[in-house]
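Architecture and fold: a report
Take a look at the letters that make up each chain.
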Amino acid sequence: MKNKVSFIVDFFSYGLKGGSSYYAWLGILSLFILPWAYGSYQQMVAKGMIVAGFTDQISWAVYEGNFVFLVGVAAAAVTVVFPYYVYNYKTLKNVVLIGEMLAITAVLLVMLFIIYHMGRPDRLWHLAPIIGIFSWPNSILTWDVIVLNGYLVLNLICAFYNMYKRYTGQPLNEKFYMTFVYISIVWALTIHTVTAFLMNTMATRPMWFHSLMPLKFLATAFAAGPALIIVALLTIRKNTKLEIPDEAINLLSQIVVWFLGIALFLLLSEVVTELYPSTEHSFQLKYALFGMFGLSKMVPWSWTSYLVMIGSFVLLLIPRVRKNYTFLPIICISLFIGIWIDKGYALVISGMIPSPLGEFSEYTPTWIEIFIIAGNWAIGLMIFTILAKGAVGVMLGDVIHPSAAGKEVAHH
Amino acid sequence: MPEDKESEVKREGVDFSKRAFIKTALIGGIAVASGAVIAKKIVSNIPNTGLTNASVSDELQQDRVMKDKEFVVMSKEEKDRMVQMFVSEYKYTA
Amino acid sequence: MKIKKITKVTFGALVAGTVIFGIGHFQTQAQQEQPAQQAAATATVTECFESREGYTARSRVENVVPEYGYPNIKCSQTTGGVLWWGDPYDDTIPMGDMPDIDDITKGDYLTEDAVIKPREPQLNYFNMDPDKHCVMCHDGKAVPFPKDKKPRMITMHQDIVEDSMELMHGEGAIWCLDCHNATNRNTLIDHRGKEISFNQPQKLCGKCHGVEYRHWRMGIHGKRIGSWIAGGKKRWWVCTECHNPHTVQTNRFQPLKPEPAPALPKGMKNADHESVHAPSAAGHGEATPAAMH
Amino acid sequence: MPAEEKKEVKGTTISRRQFFKQAGAVSAAVAAAAASSVIAPEEAEARTTFAEFFQNNYRLMTDEEKKEAIARLEQRHSEEYGKKVTVDGSPAMKDVLFGYALNIQKCIGCRRCVYACVKENNQSRHDTEIQWIRVIRMEKGNFTVDDMDKGYPNSPNESFGIQVGGNAYKNAGVALEGQHYYQPERVPEKDAFYFPVQCMQCEKPPCVKVCPVRTTYRDPDGIVVIDYNWCIGCRMCMGACPYWARRFNWGDPNLPAEEMNPKTHYLGNRPRMRGVVEKCTFCLQRTRKGRYPACVEVCPVGARKFGNLLDPESEVRKILDRKKVFRLKADMNTYPKFFYFID
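This structure is a prediction, so every number in the text was calculated from the model and none was measured.

About the cut-offs
Residue indices begin from 1 for each chain and proceed along its sequence in written order. The order in which chains are written sets their letters, starting at A; the order in which ligands are written sets their numbers, starting at 1. Confidence filtering applies because this is a predicted model: local features only for residues at pLDDT of at least 70, side-chain atom pairs given and counted only at 80 or more, and all residues used for totals across whole chains, interfaces and linings. Each side-chain value is worked out from all heavy atoms of the structure, with water and hydrogens disregarded. Accessibility here uses a 1.4 Å probe with only protein chains present; expressed as a share of the type maximum, an area under 20% marks a residue as buried, one over 50% as exposed, and anything in between as partly exposed. Strands here are runs of E lasting at least two residues and helices are runs of H or I lasting at least four, both read from the DSSP assignment and numbered beginning at the N terminus. Note: two strands are recorded as paired if DSSP finds a minimum of 2 bridges between them. Between two residues, a contact is recorded if the distance between any of their heavy atoms is within 4.5 Å. Here the quantity called buried area is the accessible surface, traced with a 1.4 Å probe, that two parts lose on coming together, added over both. Here a salt bridge means any side-chain nitrogen of Lys or Arg lying within 4 Å of a carboxyl oxygen belonging to Asp or Glu. Polar contacts here mean pairs of N or O atoms no more than 3.5 Å apart (in protein, one a potential hydrogen donor and the other a potential acceptor; neighbouring residues in sequence count only if both atoms are side-chain atoms). Cysteine sulfur atoms that come within 2.5 Å of each other are treated as a disulfide pair. Each Phe, Tyr or Trp ring (for Trp, its six-membered ring) is paired with any other whose centre lies within 6.5 Å, and the angle between the two planes then decides the class: stacked below 30 degrees, edge-to-face above 60, tilted in between.

This part covers the pairing of strand β10 (residues 304–308) of chain D. All names here are of chain D. For β10, a buried count of five out of five residues is recorded, marking the element as mostly surrounded by other parts of the structure. Bridge count between strand β2 (residues 98–103) and β10: five bridges; the pairing is antiparallel. When the bridges of β10 are listed, Y100 appears paired with F306.

Turning to the sheet that holds strand β6 (residues 114–116) of chain C, a few remarks are in order. Residues and elements named next belong to chain C. Spatially, the four strands line up as an open sheet ordered β5-β6-β10-β9, and their pairing is mixed. This sheet does not close on itself; its edge strands, each paired only once, are β5 (93–94) and β9 (224–226). Summarising the sheet, β5 and β6 pair through two bridges and their orientation is antiparallel. Residue pairing in the sheet places P94 in a bridge with V115 of β6.

This next bit is on the interface of chain C and chain D. The interface of chain C with chain D comprises 67 residues on the first partner and 78 residues on the second. A combined buried area of about 6400 Å² lies between chain C and chain D, and 56% of that area is made up of carbon and sulfur atoms. If you look at where chain C meets chain D, you find two salt bridges. The partner of E53 of chain C in a salt bridge is R186 of chain D, and the shortest N-O contact between them spans 3.1 Å. Viewed at the interface, chain D and chain C are joined by 30 residue pairs in polar contact (both at pLDDT 80 or more). For the side of chain C that touches chain D, the secondary-structure elements that each account for two or more residues are α1 (2–41), β3 (73–75), β4 (82–85), α3 (210–218), β9 and α5 (272–276) of chain C. Per element, the largest residue contribution to the side of chain C that touches chain D is four residues, and it comes from β4 of chain C.

As a further point, take the state of the cysteines. Counted under the stated rule, the structure contains one disulfide over all chains. With a sulfur-sulfur separation of 2.1 Å, C48 of chain C is cross-linked through a disulfide to C75 of chain C. On the sign convention where negative means left-handed, the S-S torsion of about -65 degrees between C48 of chain C and C75 of chain C marks this disulfide as left-handed. In this pair, C48 of chain C is assigned in strand β1 (residues 47–49) and C75 of chain C in strand β3, connecting sequence segments 27 residues apart. In this pair, the class of C48 of chain C matches that of C75 of chain C, namely buried. Among the cysteines around C234 of chain D, which has no disulfide bond, C211 of chain D carries the closest sulfur, lying 6.1 Å off.

Residues and elements named next belong to chain A. Summed over the entire model, instances satisfying the criterion amount to 53 aromatic pairs over all chains. Consider the rings of F7 and Y164, whose centres lie 5.7 Å apart with planes at 70 degrees: the pair is edge-to-face. With a gap of 157 residues between them, F7 in helix α1 (residues 2–16) and Y164 in helix α7 (residues 140–168) connect regions that are remote in the sequence. Pair check on accessibility: F7 and Y164 agree, each one buried.

With that settled, the discussion passes to α3 of chain C. Buried within α3 of chain C we find Y213, H215, W216, R217 and M218 of chain C. In this fold, the buried residues of α3 of chain C make contact with α2 (202–208), β9 and β10 (234–236) of chain C together with α11 (315–322) of chain D. Once α3 of chain C finishes, G219 of chain C follows within two positions and takes phi at roughly 95 degrees, a positive value.

Residue and element names in this part refer to chain D. Most of strand β12 (residues 338–342) is tucked away: five of the five residues are buried. Side chains F338, Y340 and I342 project from β12 onto one buried face, and the interleaved F339 and F341 project onto a second face that is buried too. When β2 meets β12, the two strands line up parallel, connected through four bridges. Along β12, the bridge assignment pairs L102 with Y340.

So, on to unusual backbone geometry. The amide bond that connects I353 of chain A to the next residue, P354 of chain A, takes the cis arrangement and shows omega of 0 degrees. With respect to the helices and strands, P354 of chain A occurs in the loop between α14 (327–350) and α15 (367–396). Look at the link from D127 of chain D to T128 of chain D: it is a cis peptide, with omega at -10 degrees. Along the polypeptide, T128 of chain D turns up in the loop between α4 (112–121) and β3 (134–139). For F282 of chain D, which is not glycine, the phi torsion reads 55 degrees and is therefore positive. We classify F282 of chain D as buried; its relative accessible area is 1%.

Take a look at the structure:
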């Protein structure tokens, strides 16, 4: 117990220590906290969700979109865990923990966003099994609650058990550890699939109501997630002594290309399927792509996102560009933003336009909403920075129990 | 040669003149009769057109629009089956 | 050194933010109070019509059910129509007898608890004697009876019946005295010479419009308020409460001013995009892959 | 462990309740004397929200708990609105299954039903405005017979000299494409008809299926109800409803005290709070007492009909027997109990 406490203390105190650029980064992120606090107070305490841009016509919007997108980011940890443990891809040795830290952060952020999406977060306990009513298995939302919390727990166990064993210099209990690793690999696929089911089981929203949705969700997630991991790895490599081989980054950028290609193919087949017969079911997609009846707020967003995705795909196909580590993070960041627009903004919102009664309206996020979203992301990045920093410390052997210092134990 | 052709045409015209006359008369007769019928119809309808049209457009318009919209009207069997379902599956749970 | 600087900047930002936050909060509170004042300022309409403008004007009476402080009716502030009935039977009388109809449904169970809003008290033209009204003039002496029922123009009574000059009903085949009783103008009359009260015009209308009358009797045509329970007490609307018998041929219902449109969704400035719609029509529709018949 | 917690919760509620009983006489007097007082409603709200926080889903409450919850609400709303407010908790009537029929040929689009509903059911009047009924104005469209003979495209270079029929390249319309914000001088207009939509009280309601906390459920009389106090505001039901029948209280509802309808039902028109979903209940505070819904009563043309689907003598059953009936979005397989009919 004492060891565990000292591990936690050491882990986080290492995570909070750093050079001046590290503090500058955290300082920049903390600048978002004030408007976030203001927005949160307005929405949670003073006035309710009316401060955001929601309407009865567009009742799911950017909070839900960020939720959907971040579930994908969380699921993407599997793209490093899977090759490392299943294919024994050793170059990913130092990457796995970063991936798991990203997954933990993303799930936490998912939960943060969903609390903002709820009208009555104070009644969250109604959803708790036994003391509340947990309408499982009828409501897909309850499935999502299970898979997301399960994934969080699995990742916490895998990552922190591994790190704790490194910290104390003890060997891993392979059976115990690998069981959780394999479960978490399968689980990662379920979280995004179930989130897709959450939307595509709504028969009344034609844009979501097709069976490609879970596939497309996974494909975009496995492009956006590794893109973020690449950026994180390059930053870590630049700023710490942690060894991250080029092969690891190359593997990840290949994963990005492959899944981005699949995502674009699925997008194409969706567009053709909807637009050629041009039934009323295509209205949502048409609104997103071309605008309808003079309403076209979504058009620049969706085209930006598609062009960024196509452009990144073409660029990343070229090995020379993929291996250029000055261009690669730029492409990765823009791709990440492009997929965020597609899933986090365009998909959720245009799916609600028109309403089931054929009413067209548009969505305008309010400043308070933007404050909250930016603040949530800043909090997420802050958590990720600290967790990743701590993990790097563990991997470097800087975070280590005094008794274990100097010991060498073989680890995964 | 041109004279020959002309005379031939004339000859044909003369040859078939009787039959042509009957034909013309018949067609003319039918035309006149049907014209009269149509005229009668039109004339007899004139005083009422305003009101009839108004009535038609007011009363039947929605019917027409509904047909264009093609909302599916339930068949008698369908309705009976549905009502039967409502009745038989009703259960009161306090 | 840098850390100190960053801390200073962050602290400064915190203070500034708190100030902005405070100002914003109070401003928004002030904004909230405005609409409530506006709502209180609107005048209250206390008289409104039920179905047909100009036919039944009803006054709002407060505290019909004192326990709840109900008015008997609530009036629309924008169109002058009744929007809500507190007491559905207020001001009504029993329907009285109704002849049986040979319908396949069982019996005529509804008539027992049927009430209507009487029309007769509203016939107050020259209302010096409560029993007279129309008979004041149409007593056979002051105004002579027409000898036949041949349709002809009359110039009388445009003050009571605005459309008396352009009778649409029957497309010129009938005229005033086919419905109005020549000898007792306070009543209506059917084709067999039976006197019919203005309270019960359906007894006259039903003579020609049999299908509508039967459907009305069944409760699937026309309007009723009160109890939905079969056999429960209901106030029935009679024919003339909805239809203007003089112009029914062109206007089944008299056009009304509609209640205001719903508020536009947040962020929308107008509904112009709706008029851009190429109105679809023959679109198959979600529900509707097949044809109507 | 969970059982203990439940007991604790119950204990708190009861002790609160006893406190109310003691304070009851005093506060009632205060309410009567100073109805205009600004402080009273806030106090009342603060006192009750605490107890409400721990209360169970209405369907699972014991009769005792229901009574308590209702008494709590009655007291609070009476103070808040300065008049006697009753909250009814009456269950569904036996052998009754509500059905609704609307004569689409008669509807003139006057929107009186919309406002009657607002007045009856205590919806928020502004910011944000909530209306449970939406009337859509529809027009005859542009898929015309004349166009059938026309070629497309008009340019001879592209047409290959073959006509394809003028409608082939046009987009199909939506069944429910029309104007929601029409505002003519008079209705009905020529060349238009009107399509009111509200909750259909489906027999197979998608909204009930998706609710993660079962705050919305179908009562035995077929009405899909919501326990506003159990709703967590996730809006899954709003996404799932094919009829766009559900509305959300984005902020605190704005309901002027003088317009508040004091005769309420727990599952129906009692004042709602911020962050919960609400919808049409066929005015169950009225219909469970035998009265017609407000929209049926107010319709100036008698287009709306209501009754018991189990009773062959009811108006709805007679309409199903005799008229041409269709259901909106029947392919969604939700078995709506709201029927549109034509003569």
